[in-house]
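# Survey of secondary and tertiary structure
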Amino acid sequence: QVQLVESGGGLVQPGGSLRLSCAASGIIFRINAMGWYRQASGKQRELVAAISSGGSTNYADSVKGRFTISRDNAKNTMYLQMNSLKAEDTAVYYCNAGRGSLYKGPYDYWGQGTQVTVSS
């Protein structure tokens, strides 16, 4: 099994920044691709960004130029740097990981989610 634990969510003002982290543990060889999804109240879960084991990335159009996904394979940890946050970025953010191609998520394993609220 694979366990994913997110951290770093919280309340931030519009225009501010947050960094989310996702630490993976367990049977790590089952992971090559990782990603962040989010789900706003009353809406479907959507892809935010994904990253391959080699560092290739895929972003939703709504976050391009504002969010940066990265990973530290030595630490089995993935990050999401979120800048210029907007009210519409408010959602529960989920870490997602598994074996698959960059553009074929979501993958098998999910974290518990972390709330991001953008409000003045």
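Quick caveat, the model's predicted, so the values are computed rather than measured.

What counts, and where the lines are drawn
Every chain is numbered independently, its residues counted from 1 as its sequence is written. Totals for whole chains, interfaces and linings use all residues, but because this is a predicted model, local features are given only for residues with pLDDT of at least 70 and pairs of side-chain atoms are given and counted only at 80 or more. Hydrogen atoms and water are omitted, and side-chain values are computed over all heavy atoms in the structure. We count a salt bridge whenever a side-chain nitrogen from Lys or Arg sits within 4 Å of a carboxyl oxygen from Asp or Glu. Each residue gets one of three labels from its accessible area relative to the maximum for its type: buried under 20%, exposed over 50%, partly exposed in between, using a 1.4 Å probe on protein chains only. Under the DSSP-based scheme used, a helix requires at least four consecutive residues in state H or I and a strand at least two consecutive residues in state E, with every element numbered from the N terminus. Pairs were defined over the aromatic rings of Phe, Tyr and Trp, the Trp ring being its six-membered one, requiring ring centres within 6.5 Å. Orientation was assigned from the angle between planes: stacked under 30 degrees, edge-to-face over 60, tilted for the rest. Sitting over a ring, as applied to charges here, requires NZ of Lys or CZ of Arg to be within 6 Å of the ring centre and within 35 degrees of the ring normal. Only heavy atoms matter for contacts: two residues are in contact if any of them lie within 4.5 Å across the pair.

What follows is about the pattern of salt bridges. With the rule as written, the count across this model stands at four salt bridges. Between E46 and R38 there is a salt bridge; the shortest N-O distance is 2.8 Å. Given a relative accessible area of 38%, E46 falls into the partly exposed group. By relative accessible area, R38 is classed as buried at 5%. Residues joined in a network through salt bridges with shared partners are R38, E46, R66 and D89.

Residues G105 and P106 are joined by a peptide bond in cis, for which omega reads 0°. As for its position among the elements, P106 is in the loop between β9 (91-98) and β10 (109-110). Phi angles above zero are rare outside glycine, and N76 is one such case at about 55°. By the secondary structure assignment, N76 is in the loop between β7 (67-72) and β8 (77-82). Note on N76: relative accessible area 27%, which makes it partly exposed. We note that S84 has phi near 50°; this positive angle belongs to a residue other than glycine. Mapped onto the secondary structure, S84 falls in the loop between β8 and β9. The partly exposed category is assigned to S84, whose relative accessible area is 40%.

Let us now look at the packing of aromatic side chains. In total, this model carries two aromatic pairs according to the counting rule given. Each ring, one from Y37 and one from W110, has its centre 5.3 Å from the other, and the planes form 65°; the classification is edge-to-face. Residue Y37 is located in strand β4 (residues 33-39), and its partner W110 is located in strand β10; the two are separated by 73 residues in the primary sequence. Here Y37 falls in the buried class, since its relative accessible area comes to 9%. Both rings, one in Y94 and one in W110, keep their centres 6.3 Å apart while their planes meet at 90°; by these two values the pair is edge-to-face. In this pair, Y94 is assigned in strand β9 and W110 in strand β10, connecting sequence segments 16 residues apart. Using a relative accessible area of 33% as the deciding quantity, one classes W110 as partly exposed. Through successive ring pairs, a cluster of aromatic residues spans Y37, Y94 and W110. Against the face of Y94 rests R45, its NZ or CZ located 3.7 Å from the ring centre.

Relative to the assigned elements, V118 resides in strand β11 (residues 114-118). The sequence separation of V118 and L85 amounts to 33 residues, and the corresponding C-alpha distance is 6.8 Å. Leaving out residues up to four positions away in the same chain, V118 has contacts with V12, Q13, P14, L85, K86, A87, D89 and T90.

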